Each structure stands twice: as structure tokens, then as C-alpha cells.
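# Structural characterization, general
If you want the building blocks of each chain, they are given just below.
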Amino acid sequence: METGMTGWGIRPISRGMPAPRTLRTPAELAGAGLIAPGRVAELEAVAARYAVAITPAVAEAAARSEGVARQFVPAAGELVQTPDERADPIGDAAFSPVEGVVHRYRDRVLLKANHACAVYCRFCFRREMVGPDGVRPLSAAQLDAAMAYIAGDPQIWEVIVTGGDPLILSPRRLGDLMRRLAAIEHVRIVRFHTRVPAADPARITPALVEALRAPGNTTWVGLHANHPDELTPAAAAACARIVDAGIPMVSQTVLLKGVNDDAATLEALMRRFVELRIKPYYLHHPDLAPGTGHFRGGLAEGQALMRALRGTVSGLCQPTYVLDIPGGHGKSPVGPCYVAEGQVEDPNGGRHDYPPR
């Protein structure tokens, strides 16, 4: 007999006992202790509408942290849709010249290689497309067409591989994708957006890390995490395997009510990123995805939090607060302005003439 980590703590297991598995139904969530048994019936309707998946690593963190649990455990409020919410909140469809490609900005494209994730966020802006019942993965012919489109536009300098979560793909498939992108001379940067290093750290194997690199390309990895409790020792080790291989990392965070909408949590999260050699990149205002109103605050609240960060933490810890303008108009910085009417505001709120008088 040995001890092993389940999704909910440590208990004795035998060598023949199956490994913990991803939780996918309200009944499984109740069995694991993440929801009360009396909530199973009401959440069945939510799970039928939006995919549920909580890995053992996330389940363990969620059992200890409300800030983690709120991101992944379904809630009845997800079935409440406000008039301003929409299935494609940032307007990807209008900028998709071929299946799997979004080309909104001149020098870069999104390549949506798959539409499945290791875990499903309850606030996901692509929640209408991802999951077992969502958009199917690209076929071989569709991937060929996507690659042909990228190869045909010499202005495309960066390919952002997203989905879904591309790091649930096998090293073989990731390696093939990288080799094909490396063969396109004008593509110099390949960026992967993922939750896997925190959500399923064991998946970040040496073989997977090696598959992310290809001669002629510079690879970056963007980690999505919203609460410091997600960045466990196992997650830290997974990130170290990526960075130690020479692949730089940046962070993406969504500002979520009840998760990280206070200065202390944001400060702890950004400091933790920097300690793990991950540069804070974007703090996203939540998109108008269906059934996500309970996560959204106002822009003024986000600006106040950014002011609090500016006055207390290192410049290394400062993300850019951004909003993807609904309707496909692109991403714009929406942080506070420190210049007005010939004066500049200092981090403590004092105002100073500039040029000095």
C-alpha cells in the first residue's frame, strides 16, 4: 500500500487503483465534494449547455481555494443571458478567411488547431465553440488550407496557436505543426496560448517541450491563469521545464468578479508570475460571452485596480489592461490615464505640472 494524491486530498491507494480522472458531470463534482449533492439537478442543465471538465490538478486546487473553484465549477447563473451578450463576443467570425484562421491584425493570425481543452472555464469567450459538442477539430484538408493561407500572406510574422487548448495535442502533432510553420519563411514567431502548465502540469513532458521548438522560429508560450492558487509547485515545475528549454513565457489573466477583483489577489498573482519567469502581459476585461454576467465588473473598477498595482509593485509585474471591443473592432488598452490638462499624476495620487512651471 502507498499513498497517492486524489483530486481531494491524500488517501491510501493500492498500485492497482486507477489514477484520478477529469471530472465531467455534476454528479462527479458532487462525489468529489466540489458541490453539494442537492445542486446536481440544477447544474445538469448548465452542463448540458456548456462543457464541464476539471482535471485532478485543478480539482485539488479548487478544493482549497474559492478563487480557483469559481472559475471551473458550473453555476446556475450561466443560464442567465443578458441582452448585450453574444455567441461571438469579439467578432472572430468576420475575420476568418478560412476555417481555423482569424486574421484581424496585419502581422499576425490566430490558428485554432483544435477546440477541446483540458479544463473548461465558466467565463470562456469561445464557450459556444469548445467542448465535446462544439466545433470539430480541423480536418487534414482544413489544416492544409489554413497553412496555405498563412504561407500566401508575407505580412504574417506571428502565428498564435490557440483553440481550444493546443497543448492537449500530442507531441507528434505539435511537432508536425511547428515544422510546417517553420517552413513558411515569413513566419518568425509562434505563440501558444494554454492553461495546461497549471491545469494539467504532468502533460508538460520533455517530449512536448521539445515539440514546441523548430529551427527558424522563435516560440513563446502564453499561460492563462487568474488566481495565485493555480500556480502550485507542480505548475511551477511545468513552467520551469518550458522556460529552461529557452522558450519565454508571458501571462494572460481575465479580471473576474469574486476571483481576482481585489488589489491583494492581483498583486500576489503578478508577483508569482514574475517569480516563475513569466512576464505579465494582458489583464483582460471579461468579454460579453453568454451567461457570464456574474463575472463582469465595470471598467472603472479595473482601472482602479491597475492604479493600485502601479503604486505598489515592480514594473515587471504590470500587465496591460485591455478590452476586446465587441463586434470585432480589436483589442484596446483601457487602463487609467495619468496625464490630463498639463499635469501628470504620480503613483501616490499627487498631480504635478509638466513641464514644471
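Refer to the preceding data block for the structure.
To start, this report covers the structure provided alongside it. All of these numbers come straight from a predicted model, not from anything done at the bench.

Cut-offs and rules
Residues numbered from 1 in each chain as written. Predicted model: local features only at pLDDT ≥ 70, side-chain atom pairs only at ≥ 80, totals over all residues. Heavy atoms only, no water. Pairing = 2+ DSSP bridges. Helix = DSSP H or I, 4+ residues; strand = E, 2+ residues; numbered from the N terminus. Core = buried A, V, L, I, M, F, W, Y, C linked by side-chain atoms within 4.5 Å. Buried < 20%, exposed > 50% of the residue type's maximum accessible area, 1.4 Å probe, protein only. Contact = heavy atoms within 4.5 Å. Axes fitted to C-alpha atoms, helices over the stretch in contact; angles between N-to-C directions. Parallel < 35°, antiparallel > 145°, perpendicular 65-115°, else oblique. Left-handed = near helix turned anticlockwise from the far one by under 90°. Nonpolar A, V, L, I, M, F, W, Y, C, P; charged D, E, K, R; others polar. Phe/Tyr/Trp six-rings, centres within 6.5 Å; stacked < 30°, edge-to-face > 60°.

Let us now look at the sheet that holds strand E13 (residues 343–345). Across the sheet, which stays open at both edges, the three strands sit in the order E12-E13-E14 with antiparallel pairing between neighbours. The open sheet has two edge strands, strand E12 (339–340) and strand E14 (351–353), and neither has a second partner.

Ranked by size, the top nonpolar core spans 59 residues in total, and within it Val-159, Leu-181 and Phe-192 carry the most contacts. The element contributing the most residues to this core is helix H9 (residues 233–244), with six residues. Not counting residues up to four positions away in its chain, the partners in contact with Phe-192 are Val-161, Pro-166, Leu-167, Leu-174, Leu-177, Met-178, Leu-212, Thr-219, Trp-220, Val-221 and Gly-222. Counting residues in each nonpolar core, the second largest holds 32 residues, with Ile-54, Val-58, Ala-61 and Phe-123 among its members.

Relative to the helices and strands, Val-259 is located in the loop between strand E8 (249–254) and helix H10 (263–275). C-alpha of Val-259 to C-alpha of Ser-65: the two residues are 194 residues apart in sequence and 9.7 Å apart in space. Residue contacts for Val-259: discarding those within four places in its chain leaves Gly-67, Arg-70, Gln-71, Asn-226, His-227, Thr-265 and Phe-295.

What follows concerns the sheet that holds strand E3 (residues 101–105). An order of E3-E4-E5-E6-E7-E8-E9-E10-E11 is seen for the nine strands of this open sheet, with the pairing classed as mixed. Pairing within the sheet leaves two strands with one partner each, and these edge strands are E3 and strand E11 (330–333). Going from strand to strand, the sheet's axes swing by 30° on average, the running direction of each strand aside. Pairing between strand E10 (residues 320–325) and E11: four bridges, direction antiparallel. Looking at E11, one finds that Ile-325 is bridged to Gly-330. Helix-sheet contacts for helix H6 (residues 171–182) involve strand E4 (108–112), strand E5 (158–162), strand E6 (189–194) and strand E7 (218–224), and the interaxial angle to E6 is about 150°. Along the sheet, H10 makes contact with E7, E8 and strand E9 (278–284), crossing E9 at roughly 145°.

Of note, Val-119 is situated in the loop between E4 and helix H5 (140–151). As a C-alpha pair, Val-119 and Asp-165 span 46 residues in sequence and 9.0 Å in three-dimensional space. Setting aside residues up to four positions removed in sequence, Val-119 forms contacts with Ala-53, Ile-54, Thr-55, Val-58, Phe-72, Arg-195 and Ala-199.

This next bit is on the packing of H5 against H6. For the pair H5 and H6, interaxial distance at closest approach is 10 Å and the crossing angle is 30°. The angle between H5 and H6 places the two elements in the roughly parallel class. The handedness of the crossing between H5 and H6 is right-handed. Contact residues: H5 offers Leu-143, Asp-144, Met-147 and Ile-150, while H6 offers Leu-177, Arg-180 and Leu-181. Tallied by class, residues from the contact of H5 with H6 come to five nonpolar, no polar and two charged.

The geometry of an aromatic ring pair is captured by two quantities: the separation of the ring centres and the angle between the planes. This structure, assessed with the given rule, holds two aromatic pairs. Measuring from centroid to centroid gives 5.6 Å for Phe-123 and Phe-295, while their planes differ by 75°, and the two rings are edge-to-face. Placement of Phe-123 in the loop between E4 and H5 and of Phe-295 in the loop between E9 and helix H11 (299–312) is noted, with a sequence separation of 172 residues between them. Under the relative-accessibility criterion, Phe-123 is labelled buried at 9%. Judged by relative accessible area, which is 1%, Phe-295 ranks as buried. Arranged with centres 4.0 Å apart and planes meeting at 20°, the rings of Tyr-281 and Tyr-282 form a pair that is stacked. In this structure Tyr-281 comes out as partly exposed when scored by relative accessible area, which is 27%.

Most of E4 sits out of view: four of its five residues are buried. Alignment of E3 against E4, held across three bridges, turns out to be antiparallel. Within E4, the position partnered with Val-101 by the bridge is Leu-111. Between E3 and E4, which follow one another and run antiparallel, lie two residues. The pairing of E4 with E5 spans five bridges and is parallel. Counterpart to Leu-110 in the pairing with E5 is Ile-160.

Further remarks concern the packing of H10 against H11. One way to put it is that H10 packs onto H11 with a least axis distance of 10 Å and a crossing angle of 55°. What the angle tells us is that H10 and H11 run oblique. By crossing handedness, the relation of H10 to H11 is classed as right-handed. Each of Ala-263, Leu-266, Glu-267, Met-270 and Arg-271 in H10 lies in contact with H11, whose residues at this interface are Leu-305, Ala-308, Leu-309 and Thr-312. Considering only residue class, the contact of H10 with H11 consists of six nonpolar, one polar and two charged.

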